[in-house]
Amino acid sequence: MHRNEELHSFLLNKAKVLTEQWYESLDTQNSTGVYASTNPEVIQTLKKQNYDFHLHLCKIFVEEETKFFHDFQNWILSIAQDEQHLNTPIHFTIREFFRVREQYIQFIHEFVTTHESYKNNEITWNNMIIKAFDKVVLRFVEEHQKVSEQKLKAQQEMIQELSSPVIALDNNRALLPLVGDIDTGRAKFMLEHTLEQCSKLGINHLFIDLSGVVIIDTMVADQIFQLIKALTLIGVKCSLSGIRPEIAQTTVNLGLSFNNVSIKPTLAGALAFNR
């Protein structure tokens, strides 16, 4: 029988000691993120997270395995979603899991040494601890990856919005200044975002300035053409400015026609012409 109230009580009573020993032995010189923090609040939170871990883990010796891992989920999620841990390279966090695992193996040995009747259980209990840590670490890595991907996606969406801003001017006019490389993904987002913003802001004239764009491939040029057509369909007049010779050549090669679009060399000229 793996359950043992005595071992559970022994480890539970050692929880605070485990936390303090673990923190005192942290290699802050070879760590970054949460493990190298000197902020008292961060340190206090880190210690509490470690202590709560011990309160959960020692239950492996008094609970059924299914319930044990089910109850552990909230702790795993809280660490995976913790901003300080998200800003810490994951290999440092895994390293600390392994160091804590060694603490448990040492304390189990200490318990067995003082309780000779349980000597034959040491290997079994060690294997239980190793198995528990393996599962917890795997779940943590899975949740950490999921949260990191969600955070990255949100950041990418924000960057896309900032890279394709519809800036309201006056008299229901707006400016879409495009800067840098425009790939197919950004062009697709620009089409959807611009239509949505022009409709939301009640824009009837949009100035699209391309002076900050050096190269546009054929697919992106077509996307811009489609954007202008779509804007026309919802009643938004378009003006283009800052078209470089290379971009003009691309549009000609594609056979794209901008006959119904006001085109000026500079943004200032486009704004002045369409007051």
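Calculation criteria
- Residue numbers run consecutively from 1 along every chain, following the written order of its sequence.
- Only residues with pLDDT of 70 or above have their local features reported here, since the model is predicted, and side-chain atom pairs are shown and tallied only from 80 upward, although totals for entire chains, interfaces and linings are computed over all residues.
- The side-chain values count all of the structure's non-hydrogen atoms but skip hydrogen atoms and water molecules.
- Computed over the protein atoms alone on a 1 Å grid, cavities are sets of points where a 1.4 Å probe fits but cannot get out and pockets are open sets with protein on both sides within 12 Å along at least five of seven lines; a residue lines them when it has an atom within 4 Å of a point.
- Grid points are joined across faces, edges and corners, and a volume is the space filled by probe spheres set on the points.
- Only DSSP runs of H or I covering at least 4 residues are called helices, and only runs of E covering at least 2 are called strands; the numbering of each starts at the N terminus.
- Throughout this entry, Asp, Glu, Lys and Arg are counted as charged residues, while Ala, Val, Leu, Ile, Met, Phe, Trp, Tyr, Cys and Pro are counted as nonpolar. The remaining residues, Gly among them, count as polar.

(A) Expanded view of empty space enclosed by the protein. This structure, assessed with the given rule, holds two cavities of 30 Å³ or more. Taken as a whole, the largest cavity encloses approximately 170 Å³ of empty space. Around the largest cavity, the lining is made up of 13 residues, and of these Trp22, Tyr35, Asn50, Trp75 and Phe97 lie nearest the centre. Mapped onto the lining of the largest cavity, the elements with two or more residues apiece are helix 3 (40-57), helix 4 (65-81) and helix 6 (90-114). In the lining of the largest cavity, the residues fall into eight nonpolar, four polar and one charged. The space that makes up the second largest cavity amounts to roughly 60 Å³. Lining the second largest cavity are Leu210, Ile216, Ala221, Ile224, Leu240, Ile243, Ile247, Thr251 and Phe258. Of all the secondary structure elements, the ones that give two or more residues to the lining of the second largest cavity are helix 9 (218-233) and helix 10 (245-254). Of the residues contributing to the lining of the second largest cavity, the split by class is eight nonpolar, one polar and no charged.

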